[in-house]
Amino acid sequence: MPPKQPLRRQSVSVGRGTRKRDEDSGTEVAEGADEWAQSKATVRPPDQLELTDAELKEEFTRILTANNPHAPQNIVRYSFKEGTYKLIGFVDQLAVHFSQVGNLIPKDSDEGRRQRYRNNLVTGSEESAKLVISEAEVVEEEDEPKEAEAGSQTDVPAAEAAEKVAEELMTPKQPKERKLTNKFNFSERASQTFNNPLRDRECQMEPPPRTNFSATANQWEIYDAYVEELEKQEKTKEKEKAKTPVAKKMGKMAMRKMTSMESQSDDITKVTQAAKIVERMVNQNTYDDVAQDFKYYEDAADEYRDQEGTLLPLWKFQNDKAKRLAVTALCWNPKYNDLFAVGHGSYDFMKQSRGMLLLYSMKNPSFPEYIFSSESGIMCLDMHMDHPYLVVVGHYDGNVAIYNLKKPHSQPSFRSSAKSGKHTDPVWQVKWQKDDMDNNLNFFSVSSDGRIVSWTLVKSELVHTDVIKLKVEGSTTESLEGLQLYTVGRSPPPTHIEACPGHSGPVRCSKSYSSQFLDTYDAHNMAVDAVSWNPYHTKVFMSCSSDWTVKIWDHTIKTPMFIYDLNSAVGDVAWAPYSSTVFAAVTTNGKTHVFDLSINKYEAICNQPVVAKKKNKITHVQFNPIHPIIIVGDDRGHVTCLKLSPNLRKMPKEKKGQEVQKGPAVEIAKLDKLLNLVREVKTKI
């Protein structure tokens, strides 16, 4: 068997020495080089570029920066100091991709020392045994030469002793019993918390009004001003010298009285209730004849008139602060029948000024019980049925406000603002509604901007919701131009609302449709001033206009049931609370008209001037819910109380052996009987 050939490395070495090829293995071996030092040849990929030396030496510069490419570069902030937006130069470039809180403990800390001490307690027995064994071996090595000299007699006992010590040390000692810890009851030191997102809160404020004042002053103007002041002082001194000694004493006494009254002003507040009672007693004596007429007087001449009646003037309410403001709203208090609220503003839209809310009582006609002033004119108001101390008003500037009569201050308890959705046009009607599902107070408001808004009192603010937004049919834009709501009347069913636009007639709307009205009525040739639902019949309502007409409608029929021409612009209409066929209307020529459809369907049974024709114009009228009186307001701020004569409030006569039927059903049947006559005529035509 031939001997085996030794294995050789097959490699190609590159060097400066000469190359030779091994015959057996077919490899090239460089002369003068060992096999283990031979290097492998580099292999070039076939698609490698062939570059020259100049191209290889060319340098390409790459600069790496720590800037975040996604960070914004154009952030601006508003500078309140300079009043402009400023560009922020520094932008945070740090982008954190991952972060975790570790649980490593430094050795030098207290926790690290306690941990090392616990570990040493566990491993301490084994290390001490190893130390004792090593010490025993060292002692044996030192005693070996001595024992050799002493002889073989001492070798055996020493070896046996060493073996015993080694065995004792090598035997593992049982560790001290420790209380086993519960592996599943532990607390981890690391914790992760949720970081609340940051919120940017911004606010927009209206800048305070500013006026530019410029003036020049020189020495001559300053000198002239001082001279004028000295002349005034000299004139006052001369007047005092010219006075008689008696006049001087009277002036001093008056000054003393004024100072004494000012010093005692704090004590007067303690007797306000007593002073109010005394004031009412004095007024009762002053207006005793009027109070007697209100309570007992009945016009005996009605028996001789042919179904006609009269109005007896009682009290006249006026206040000097509201002397030049028109009466824009009237409302009786639902709980106190002698108390009513009067809203003052201006219907002259070129001369808008302040407004006032006054509450009068028939027990004190000389001065109002409550006085509230406002910067904008009051155009409408309403008092809550369940909370009679709450009064809601609508202003000319589009705001609504709620006054609390229990609070003495003159500012409203709630008020809308530009941020809380106020109207952009005057508010022409406000009406309290029943409390919502959460027992929150709420009311509706109507404005000529085409919106009917529901306002809710939530905690201490007004929250608005647009119930209806009306716009003209066929308009491409969302603007409400051309359809201006002037007033609203609430129908007895809680789902319908009657609103009056300012063009030709009423618009019937529903809360179920927020942007469309149910129907329109081509009723009047001029602006509609008021709309009022019949308190008994759910289908009948009445409208009045500046085209001198009053029309009564059935909302299921497009044409009016009754039309009355009063020969002057009609400012307001109101249904009587005691009959479904009695209503009153007031005109700008100073007359009050009372109708009773059950007596006369063609004309009024009372036409009586209440104020002077040339001076005052009547704007509003309201029936008292209990007493047979009405209140009428004019454009001079005066409110007149009038009593209805017996012919204006006729009730059905009692027949022998029969009880007089009363109630809403009887009133509805009485009005339906009249309407059926008109319906039959219209169907025949």
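Residues numbered from 1 in each chain as written. Predicted model: local features only at pLDDT ≥ 70, side-chain atom pairs only at ≥ 80, totals over all residues. Heavy atoms only, no water.

Per an unreviewed UniProt entry, the protein is named Dynein axonemal intermediate chain 1 isoform X7, and its organism is Equus przewalskii. Quoted verbatim from the Sequence similarities (unreviewed entry) heading of the UniProt record, the comment on the protein is "Belongs to the dynein intermediate chain family." Quoted verbatim from the Subcellular location (unreviewed entry) field of UniProt, the annotation for the protein is "Cytoplasm, Cytoskeleton, Cilium axoneme". (UniProt positions renumbered as here; feature names shortened; annotations may be inferred.)

Take the sheet that holds strand 26 (residues 570-575) next. Taken in spatial order, the four strands of this open sheet run 26-27-28-29, and their pairing is antiparallel. Of all strands in the sheet, those bounded by a partner on one side alone are strand 26 and strand 29 (606-609). The mean inter-strand angle of the sheet, taken between neighbouring strand axes irrespective of direction, is 15°. The pairing of strand 28 (residues 591-596) with strand 29 spans four bridges and is antiparallel. Along strand 29, the bridge assignment pairs Lys-591 with Pro-609. (Pairing = 2+ DSSP bridges. Helix = DSSP H or I, 4+ residues; strand = E, 2+ residues; numbered from the N terminus. Axes fitted to C-alpha atoms, helices over the stretch in contact; angles between N-to-C directions.)

Excluding glycine, most residues fall at negative phi; most peptide bonds, likewise, are trans. Positive phi values are uncommon outside glycine, yet Trp-548 reaches one of about 80°. Along the chain, Trp-548 falls in the loop between strand 23 (540-545) and strand 24 (549-554). The backbone phi angle of Asn-567 is positive, close to 65°, even though this residue is not glycine.

Turning to the pattern of salt bridges, a few remarks are in order. Side chains that differ in sign of charge can pair as their charged atoms come close. Inspection of the entire model under this criterion finds 11 salt bridges. Of the charged contacts in the structure, one is a salt bridge between Arg-451 and Asp-449, with a shortest N-O distance of 3.6 Å. The pair formed by Arg-451 and Asp-449 is uniform in burial state, with each residue classed as buried. (Salt bridge = Lys/Arg side-chain N within 4 Å of Asp/Glu carboxyl O. Buried < 20%, exposed > 50% of the residue type's maximum accessible area, 1.4 Å probe, protein only.)

In this section: helix 4 (residues 219-242). Taking 1.5 Å as the rise per residue, helix 4 with 24 residues should run 34 Å; its terminal C-alpha atoms sit 35 Å apart, in good agreement. With zero of its 24 residues buried, helix 4 lies for the most part at the surface. (Expected span 1.5 Å × (residues − 1).)

Applying the stated criterion to the full structure yields 18 aromatic pairs. Taking the centre distance of 5.1 Å and the plane angle of 55° together, the rings of Trp-332 and Phe-340 count as tilted. Residue Trp-332 shares its accessibility class with Phe-340, and that shared class is buried. Cluster of aromatic residues (ring-pair linked, three or more members): Phe-562, Tyr-564, Trp-575, Phe-583 and Phe-595. One cation-aromatic arrangement involves Lys-406 over Tyr-389; the distance from NZ or CZ to the ring centre is 4.1 Å. (Phe/Tyr/Trp six-rings, centres within 6.5 Å; stacked < 30°, edge-to-face > 60°. Lys NZ or Arg CZ within 6 Å of the ring centre and 35° of its normal.)

Attention shifts here to the sheet that holds strand 30 (residues 618-623). The four strands lie next to each other as 5-32-31-30, forming an open sheet whose pairing is antiparallel. For this open sheet the edge positions go to strand 5 (311-317) and strand 30, each flanked by a neighbour on one side alone. In this sheet, neighbouring strand axes are inclined to one another by 25° on average, regardless of whether the strands run parallel or antiparallel. Relative to strand 31 (residues 629-634), strand 30 runs antiparallel, the two being bridged by five bridges. Directly across from Phe-623, in strand 31, lies its bridge partner Ile-630. Contacting strand 5, strand 31 and strand 32 (639-644), helix 8 (residues 288-296) runs over the sheet at an angle of about 135° to strand 5. (Contact = heavy atoms within 4.5 Å.)

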